[in-house]
Amino acid sequence: MLACRLRIDVQHASLPGVVADFIEVLADEAGLTSRQAYWLRLATDEITTNIAQHGYRGGAGVVELSGEIGNDRLRVSIEDDAPPFDPAGYDPAPRLALPPAQRDIGGYGLLLAMGKVDEFHYEYVGGRNRNTLIMRLLGGENADGPGGCRTG
């Protein structure tokens, strides 16, 4: 099992790049397909960006990422001290009900991101938000889940 951690200030000028690099290293080490790596990177970027912009309201704060590669999955946890927010509770239905020309720009990233990882979990523990993203590894029990594809 491989595990690594990253702690970054959300006001860091290159937050998205640092997060992308972290996920790229994990994805490569875990052997994710390019498609899986893309969706995991998008989901992680979307959640960390939302934490910076909405959770910390553009102010100071820290996001901690941890990655763990097991036998059949790559797990990424994203933790922060912003006010509680469960992304799974976000309902895009009112936005989607409007005709495209009347929709506000933005607000769909969580919908896209969370739908493309194999598992998503949220919990508020000890005054902290914890978002957990899981991608199953090829060859694992459920390798052909929504984020992956089976070869052969």
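Predicted, not measured: the structure shown is a model, and the values here were computed from it.

Looking now at a negative patch on the surface. Residues Asp21, Glu24, Asp28 and Glu29 make up a contiguous surface patch of negative charge. Relative to the elements of secondary structure, aspartate 28 occurs in helix α1 (residues 15-30). On the basis of relative accessible area, aspartate 28 is assigned to the exposed category, the value being 56%.

To continue, consider the packing of aromatic side chains. Overall, the coordinates contain one aromatic pair when judged by the stated rule. For the pair tyrosine 38 and tryptophan 39, a centre-to-centre distance of 5.0 Å together with 75 degrees between the ring planes defines the contact as edge-to-face. With a relative accessible area of 40%, tyrosine 38 lands in the partly exposed category. The exposure class assigned to tryptophan 39 is buried, which follows from its relative accessible area of 15%. Lysine 116 extends its terminal NZ or CZ atom over the ring of tryptophan 39, reaching a point 5.1 Å from the ring centre.

Moving on: the side chain of asparagine 131. Within the secondary structure, asparagine 131 is located in strand β5 (residues 128-136). Excluding residues that lie within four positions of it along the chain, asparagine 131 makes contacts with Ile47, Val76, Ser77, Ile78, Asp80, Pro87, Phe120, His121 and Tyr122.

Of note in this structure, arginine 57 is not a glycine but carries a positive phi near 55 degrees. Tracing the chain through its elements places arginine 57 in the loop between α2 (34-55) and β2 (62-69).

Here the focus is the pairing of strand β3 (residues 73-80). Counted residue by residue, β3 has six buried out of eight residues, so it is predominantly covered. The sheet contact formed by β2 and β3 spans seven bridges and is antiparallel. Bridged to isoleucine 69 within β3 is leucine 74. Hairpin connection of β2 to β3: three residues between the antiparallel strands. Note: β3 against β5, eight bridges, orientation antiparallel. In the sheet register, valine 76 faces β5, and the bridge partner there is leucine 133.

Conventions adopted
Residues numbered from 1 in each chain as written. Predicted model: local features only at pLDDT ≥ 70, side-chain atom pairs only at ≥ 80, totals over all residues. Heavy atoms only, no water. Patch = residues over 30% accessible without salt bridge, like charges linked within 9 Å, V, L, I, M, F, W, Y side chains within 5 Å. Areas by Shrake-Rupley, 256 points an atom, 1.4 Å probe, with all protein chains shown as cover. Salt bridge = Lys/Arg side-chain N within 4 Å of Asp/Glu carboxyl O. Lys, Arg positive; Asp, Glu negative; His and termini not counted. Charge placed at Lys NZ, Arg CZ, Asp CG, Glu CD. Helix = DSSP H or I, 4+ residues; strand = E, 2+ residues; numbered from the N terminus. Buried < 20%, exposed > 50% of the residue type's maximum accessible area, 1.4 Å probe, protein only. Phe/Tyr/Trp six-rings, centres within 6.5 Å; stacked < 30°, edge-to-face > 60°. Lys NZ or Arg CZ within 6 Å of the ring centre and 35° of its normal. Contact = heavy atoms within 4.5 Å. Pairing = 2+ DSSP bridges.

On their own, these measurements won't tell you what the molecule is for.
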